[in-house]
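Structure at a glance
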Amino acid sequence: MIKSIRTRLQWWYSTIYVLSISVFGCLVYWRADRDVHERATLQAVATAQYLDVGLRSGPGQRPFGPPPNWMPGGPPFGGPMPGQFPGPMPGQQNGPGPGAGQGPDAGPNGPPFRGPGGEPNGRNEGPVPERRQRPPEELGERPDDIGNRQADGRPQDGQRPSGQNPPVNGPGQMPGNGRPLLPQVPPELLNQRTMAGNEGGRGFDRPPVDRLEYIIWRPDRTILAQYVEADSDLPNVQPVNPMTMAPEVTRSPNGLQVVKSGPFGTTIVVRRQMDHDMASLHRFGMQIGAIAAGTVILGVVGGRWMSGQMVRPIQQISQTASQVTVTHLDRRIELQNLDTELVPLARVLNDTFQRLEHSFQRLNQFTADASHELRTPLAVIQSQVELALSQPRSAESYQQTLETCQRSAERMSSLVDGLLLLARSDSERMNLRLAPTDLRLIAEDAVAQFQDKALSLQIELDCVTPETEVRVSADPTFLGQVPMNLIQNALQHTPEKGTVTVQVTTDRDSAYLIVSDSGCGIAADHLPLLFDRFYRIDKARSRRDGGSGLGLAICRSLVEAHDGTITCESTPGAGSRFIVKLPLASQVVVQADRRIS
Amino acid sequence: MRLLVVEDEPDLLRTVAQALREDGYAVDESPDGTDGLFKACTWDYDAIILDLLMPGLSGWDVLQKLRQQKSTPVLILTARDGIGDRVQGLDSGADDYLTKPFHLSELKARLRALIRRSVGQSSSEISIGELLVDTRTKTVTRNGSLIPLTPREYSLLELMAMHRGKVVSRTQIYDHLFDENEDSLSNLVDVHVSNLRRKLGRDFITTRRGQGYILHD
């Protein structure tokens, strides 16, 4: 199976193209072949018919019916052939000389055909010179005589070795009436064809044509009349008497053969060579073949070009797509001039690039933020230490320096922890150990840890939990960080005398951990971005307090690792509520070692 | 020489300012961009140290707005070290770039270079007649022998030397010698000038009545 669209297209195109041309060519050739054969057949059959008619009408004028002096079985069939009619040229063919005037059938039998006289001896008015050819001048021309055409009938037939000359007309022709004994095949029937061989001076005027021969056999298998080539084998072919009156057409390698039974038991055999016709037909066939060969090349080349055109938009898309690299994520495929079938594909690709670009931007942003967050405390430590060491200082000065360094180190440490946690959750390697846990305990633990701080800030920190166990599937170490983070945030953002409440509730399927405060609240604009990494509403403040902007992002990661959700509601100036929703333990399949998806 | 440090990280701000003060500079501090821009446009600092990532008005904005008004040398200090940021910073008008964490010594050296360049001086040593002012070691020598000066006196001398041949007004001297937090009397300048004259020689600094002082080449 060819894998390339282009090659497939190309081959289909060329195959269809070549097939159509070939079929067409074959059709045309077949038609031509049929035409040629039909025409040849018609010609041969017409000749046979004509001969038949001529036989019936004899030297007389009437084309129908037997001549009055013909008797079946009589002399017309017995007598020797006075001459060859219209056999080959006496001088050229195997016929005898002018004096002989006999064809191969010359023999004891006299000329079967006579003039109107009928009897071999007396059919015509004049004597019948049996073996003598009539000198041409003895013959007149009766334009109304069928077959009497030698003078003007065959002006071009100079090469015709067959007899069109008066001698050919045989002794049957009397000077008096000049009517031929045997009809001659008029030239137009033979279509002005010359014999093959083209000897003679007239050869250049006419193209070579196929020859037409005939023999009329007597019932006793002698030749009554013939018109054959010198080297023809037609006389040797004894025809089988046709069964029907209709002419029988057979094809032989020698050409076309028409056999017809003539009057009085004669058999008319007409043979038409097909050499030239077949030759020209073959030439025609070759031309068609050449054209077909040409179309093969055209088909292949044209197919290649055309398929290239088809496939080009696809290649352009691939090219654009390959140009999209990390540094050039803003490249997009142009939809405007694109083919309609490719537009959906291009759209999908563009969307993918868009999301990739977005992802990369977020990643870059995160990396920049992370590096900044880590580098700043490092810079503090660096410069503090350098300053302290630059000259002798007081003990307090050193102490202050050390404290600053410690603070910075702690800050960096928590930042690193947070970053690692997020990195792990990103790469699904958090390794939580989930077990049925009471959510109330987690909440109470966190509250306990911050009581002192809350007191120092004069903020009321409460914990509200239900009487019954709230079972969730959790890893307390990790999940415990969530309320701690939230409480810390709440304490930071609540003024003195405010309240922070940690509440645990349930409904049918879920457990809730809610941390609410009466602090400054969060503007609606910030809410969707609140849980993003490094997102800070008030950057200055959290910087001083040591926050890094990762707290809420970590909360979200942890909560989602436990199959839960975390949301925030807030009213600026009044307070905020952070709601953690977790599935109750009966809903969750507990796994000992769980990876986050 | 008077400097401005704009940095939102308080510990770092404090440390850098202290280090520079100990080096004899008058240093103004700014914890955010807005305050920093205001100060930068109000006074003629010899150099400004500017952090890029700050809440509110970022370092980029401060730089852009500052460059519309003043050509004070600016050294950018930031944790971002991507090549794009460096190029953008320098193209936006900064004169130098230093990434965190940095060495204070490097910061000081770069500041010295910046200030030197801004007065058209190519070497860190200025020689005036027999005097040789070494801005690196912050000392003055005459024919190789050290002349002891207080930090203030040295600063004054350095300032005059940097602008030698030009008249420096008393206000200018004041502005470049004391930072915003010092609430000194303006005649302190005269005191320092006379001290310098005493130590260096009468003819070095001339008074131009009504205009200021001038240090001759």
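Check the entry above for the structure.
Residues numbered from 1 in each chain as written. Chains lettered and ligands numbered in written order. Predicted model: local features only at pLDDT ≥ 70, side-chain atom pairs only at ≥ 80, totals over all residues. Heavy atoms only, no water.

Points about the packing of aromatic side chains
All names here are of chain A. One pass over the full model with this rule turns up three aromatic pairs over all chains. Seen in terms of ring centroids, Y13 and Y17 are 5.8 Å apart; in terms of plane orientation they differ by 10°. Their pairing is stacked. Of this pair, Y13 and Y17 both sit in helix α1 (residues 5-57), four residues apart, which is roughly one turn of the helix. Its relative accessible area of 29% is what places Y13 among the partly exposed residues. Accessibility expressed as a relative area gives 24% for Y17, which makes it partly exposed. With a centroid separation of 6.2 Å and an interplanar angle of 80°, the aromatic rings of F531 and F578 are classed as edge-to-face. Of this pair, F531 sits in the loop between β10 (510-517) and α11 (539-545) while F578 sits in strand β12 (residues 575-583), and the two are 47 residues apart along the sequence. For the pair F531 and F578, one class covers both residues: buried. (Phe/Tyr/Trp six-rings, centres within 6.5 Å; stacked < 30°, edge-to-face > 60°. Helix = DSSP H or I, 4+ residues; strand = E, 2+ residues; numbered from the N terminus. Buried < 20%, exposed > 50% of the residue type's maximum accessible area, 1.4 Å probe, protein only.)

Digging into the interface of chain A and chain B
In this complex, chain A contributes 24 residues to the contact, which on the side of chain B involves 21 residues. Across the chain A/chain B interface, buried area totals approximately 2000 Å², and carbon plus sulfur atoms make up 54% of it. By the criterion of area lost to chain B, the three top residues of chain A are H372, R375 and L387 of chain A, representing 27% of everything that side buries. Seen at the junction of chain A and chain B, the total is three salt bridges. Among the salt bridges present, the one from R393 of chain A reaches E22 of chain B, with a minimum N-O distance of 2.2 Å. Where chain A touches chain B, the interface holds eight residue pairs in polar contact (both at pLDDT 80 or more). (Contact = heavy atoms within 4.5 Å. Buried area = accessible area lost by both parts, 1.4 Å probe. Salt bridge = Lys/Arg side-chain N within 4 Å of Asp/Glu carboxyl O. Polar contact = N/O pair within 3.5 Å; in protein donor to acceptor, adjacent residues only side chain to side chain.)

Focus: helix α8 (residues 439-456) of chain A
All names here are of chain A. Over its 18 residues, α8 runs 27 Å from end to end, which matches the ideal 26 Å to within 8%, given 1.5 Å per residue. The principal kink in α8, of about 45°, is found at F450. Just beyond α8, the residue with positive phi is Q458, at close to 60°. (Expected span 1.5 Å × (residues − 1). Bend = angle between axes of the 7 residues up to and from the residue.)

A word on empty space enclosed by the protein
Left-over empty space is what a probe sized like a water molecule reveals as it rolls over the atoms. Residue and element names in this part refer to chain B. Applying the stated rule across the entire model yields six cavities of 30 Å³ or more. Each pocket or cavity is described by its volume, and for the largest cavity that value is around 50 Å³. Lining the largest cavity, in full, are M1, Y25, R112, I115, R116, T135, E158 and M162. If you list the elements that add at least two residues to the lining of the largest cavity, you get α5 (104-118) and α6 (151-162). Classifying every residue of the lining of the largest cavity gives four nonpolar, one polar and three charged. Built from parts of two domains, the lining of the largest cavity gets at least three residues from each of domain 1 (2-118) and domain 2 (125-215). (1 Å grid on protein atoms, 1.4 Å probe; cavity = no way out; pocket = protein on both sides within 12 Å on 5 of 7 lines; lining within 4 Å. Points joined across faces, edges and corners; volume = space filled by probe spheres on them. Nonpolar A, V, L, I, M, F, W, Y, C, P; charged D, E, K, R; others polar. Domains from an automatic or database assignment.)

What about the environment of Q354 of chain A?
Residues and elements named next belong to chain A. Along the chain, Q354 falls in helix α6 (residues 343-390). Each C-alpha atom of the pair Q354 and L329 lies 7.8 Å from the other, and the pair is 25 residues apart in sequence. Reaching out from Q354, the side chain makes a polar contact with the side chain of R332 at a distance of 2.7 Å.

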